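One letter stands for each residue in the lines below.
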Amino acid sequence: MTEEREERPASGLRRLVFLGGKGGVGKTTLAAAYATMLAARGERTLLVSTDPAHSTSDVLGVRLTGEPTEVETGLSAVEIDAAADAARYVEGIKRDSKESVSPEVLPTIERHLDLAKGSPGTEESALFERFVDLISLCPAEYDRIVFDTAPTGHTLRLLALPALLSVWVEGMVRQREKVAGMERMLRNLAGRDEPAGDPVLERLRERRQRFHHARHRLLEDTTFYLVTVPERLPIEETERALSTLTAGGVHVGALLVNRVLPERAAEGDFMRARLDQQREYLREIERRFTGYRTVRIEQDARDVTSRSQLREIAARLKDAGLG
Ligand SMILES: Nc1ncnc2c1ncn2[C@@H]1O[C@H](COP(=O)(O)OP(=O)(O)OP(=O)(O)O)[C@@H](O)[C@H]1O
Ligand SMILES: [Mg+2]
């Protein structure tokens, strides 16, 4: 058995859980409720949010930072600041460049890197690096990690990133190996001794290893919960996300159908019409996503802003038997 396989628990439970879906469908709320449920049943859980609006801090009522903070027994949470991470990430590449490129081209590269700081691609890469770091804390420090991610498109790109980054790092490694080979030849010709190792190559190889490992975890040890609501556009988006995820080999655990109006709300023509429409959409969800579990979460009369509301949703997720 390989080391990577051992990270997958014997029960077949997947340790890394992503919640994704269209903007505003309830990812943050359900991620917090789900993490609350896991912690309540004794799993050491880390909730990871990437929302710059600090909505996870708001819903948990705790000011979170970029480092995991214990929120309650067994539940820690972290809020990643993608922009700040991106800036740090670029600084790291700059430091690496100093060792690997000639001083004449360095100012040009630095200018490009400064421009790249604010680009969405850089933020995604930085975010992915953070995800890789956090993933490595599981299972040593956390039994489960719950990722409350940005709207679907962004998350899907993030899941595809390890493959892209691996190709990129692979190319860099090969190039560096070629250069190292040439340097060795020149040194031999000049009759000089071998220097000990190549720090740039070492770092590249280490990165290649990290990405390879992360990709493996994302395929083998990850489950994705798609959050949706019984309305036209979110249903369409769910279908698109589902096919992209399954095509990419990512396991989809269930569809969480949030904000379902309770039937008891059928008072008056307006609400009756609204509920009729909702029933149609719920039937459509069952029809279009056959083969996938669906879990319905009721719309509360008020926004979910308290821990007791979170615990109610957590109980619902537990009753539904979510792993
Ligand atoms: N079941 C529910 N009942 C009542 N209100 C809910 C429910 N689920 C979510 N909400 C409310 O809907 C709003 C949006 O929820 P949330 O922030 O969890 O969505 P999101 O998908 O994370 O949004 P974003 O895409 O902006 O990150 C919040 O005000 C939240 O309190
Ligand atoms: Mg959110």
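Labelled according to an unreviewed UniProt entry, the chain appears under the name ArsA family ATPase, originating from Rubrobacter radiotolerans. In the Sequence similarities (unreviewed entry) part of its UniProt record, the chain is described as follows: "Belongs to the arsA ATPase family."

Draft legend 1. Structural detail: the site of ligand 1. In the vicinity of ligand 1 there are 16 residues, among which Lys27, Thr28, Thr29, Arg259 and Asp300 approach most closely. Measuring from an oxygen atom of ligand 1, one finds a side-chain N or O atom of Thr29 at 2.5 Å. Protein chains bury 80% of the 640 Å² of accessible surface belonging to ligand 1 in isolation. Its atoms largely coinciding with the cavity grid, ligand 1 occupies the largest pocket. Mapped onto the shell around ligand 1, the elements with two or more residues apiece are helix H2 (27–40) and strand E7 (251–260). For the shell around ligand 1, the element with the most residues is H2, which contributes three residues. Across the shell around ligand 1, the residue classes break down as two nonpolar, seven polar and seven charged.

Draft legend 2. Fine view of the packing of helix H9 (residues 232–247) against helix H10 (residues 268–288). With their axes 11 Å apart at the nearest point, H9 and H10 run at an angle of 10 degrees to one another. In terms of axis orientation, H9 runs roughly parallel to H10. Residues Arg232, Ile235, Glu236 and Glu239 of H9 lie in contact with H10, whose contacting residues are Tyr281, Glu284, Ile285 and Arg288. A class-by-class count of the residues in the contact of H9 with H10 yields three nonpolar, no polar and five charged.

Draft legend 3. Focus on the packing of H2 against helix H11 (residues 307–319). Axis separation between H2 and H11 bottoms out at 8 Å; the angle between their running directions is 70 degrees. Taken together, the axes of H2 and H11 lie roughly perpendicular to each other. Here Thr29, Leu30, Ala32, Ala33, Tyr34, Thr36 and Met37 of H2 come into contact with H11, specifically with Leu310, Arg311, Ile313, Ala314, Leu317 and Lys318. The class makeup of the residues in the contact of H2 with H11 is nine nonpolar, two polar and two charged.

Draft legend 4. Structural context of the packing of aromatic side chains. Here the structure, examined in full by the defined rule, presents five aromatic pairs. Residues Tyr34 and Tyr225 carry aromatic rings whose centres are separated by 5.4 Å and whose planes lie at 80 degrees to one another, so their mutual orientation is edge-to-face. Placement of the pair is Tyr34 in helix H2 and Tyr225 in strand E6 (residues 222–228), with a sequence separation of 191 residues. Residue classification places Tyr34 among the buried residues on the basis of a relative accessible area of 1%. Taking 4.6 Å as the distance between ring centres and 45 degrees as the angle between the ring planes, the aromatic pair formed by Phe131 and Phe147 counts as tilted. Taken together, the residues span a long stretch of sequence, with Phe131 in helix H6 (residues 120–135) and Phe147 in strand E5 (residues 144–148) at a distance of 16 residues. Given a relative accessible area of 0%, Phe147 falls into the buried group. The structure contains a cluster of three or more aromatic residues connected by ring pairs, namely Phe18, Phe131, Phe147 and Phe224.

Draft legend 5. Quick look at the nonpolar core. Membership of the largest hydrophobic core comes to 35 residues, with the highest contact counts inside it found for Leu46, Val48, Phe131, Ile145, Phe147 and Leu226. Top contributing element to this core by residue count: H6, with six residues. Membership of the second largest hydrophobic core comes to 32 residues, among which are Ala32, Ala33, Val59 and Tyr225.

Draft legend 6. Just H2, in detail. Over its 14 residues, H2 runs 20 Å from end to end, which matches the ideal 20 Å to within 8%, given 1.5 Å per residue. Summarising burial for H2: 13 of the 14 residues are buried, a large majority. Once H2 ends, the next one or two residues include Gly42, with phi positive near 95 degrees.

Calculation notes
Residues numbered from 1 in each chain as written. Chains lettered and ligands numbered in written order. Predicted model: local features only at pLDDT ≥ 70, side-chain atom pairs only at ≥ 80, totals over all residues. Heavy atoms only, no water. UniProt positions renumbered as here; feature names shortened; annotations may be inferred. Near = heavy atom within 4 Å. Polar contact = N/O pair within 3.5 Å; in protein donor to acceptor, adjacent residues only side chain to side chain. Areas by Shrake-Rupley, 256 points an atom, 1.4 Å probe, with all protein chains shown as cover. 1 Å grid on protein atoms, 1.4 Å probe; cavity = no way out; pocket = protein on both sides within 12 Å on 5 of 7 lines; lining within 4 Å. Sits in = over half its atoms within 2 Å of the grid points. Helix = DSSP H or I, 4+ residues; strand = E, 2+ residues; numbered from the N terminus. Nonpolar A, V, L, I, M, F, W, Y, C, P; charged D, E, K, R; others polar. Axes fitted to C-alpha atoms, helices over the stretch in contact; angles between N-to-C directions. Parallel < 35°, antiparallel > 145°, perpendicular 65-115°, else oblique. Contact = heavy atoms within 4.5 Å. Phe/Tyr/Trp six-rings, centres within 6.5 Å; stacked < 30°, edge-to-face > 60°. Buried < 20%, exposed > 50% of the residue type's maximum accessible area, 1.4 Å probe, protein only. Core = buried A, V, L, I, M, F, W, Y, C linked by side-chain atoms within 4.5 Å. Expected span 1.5 Å × (residues − 1).

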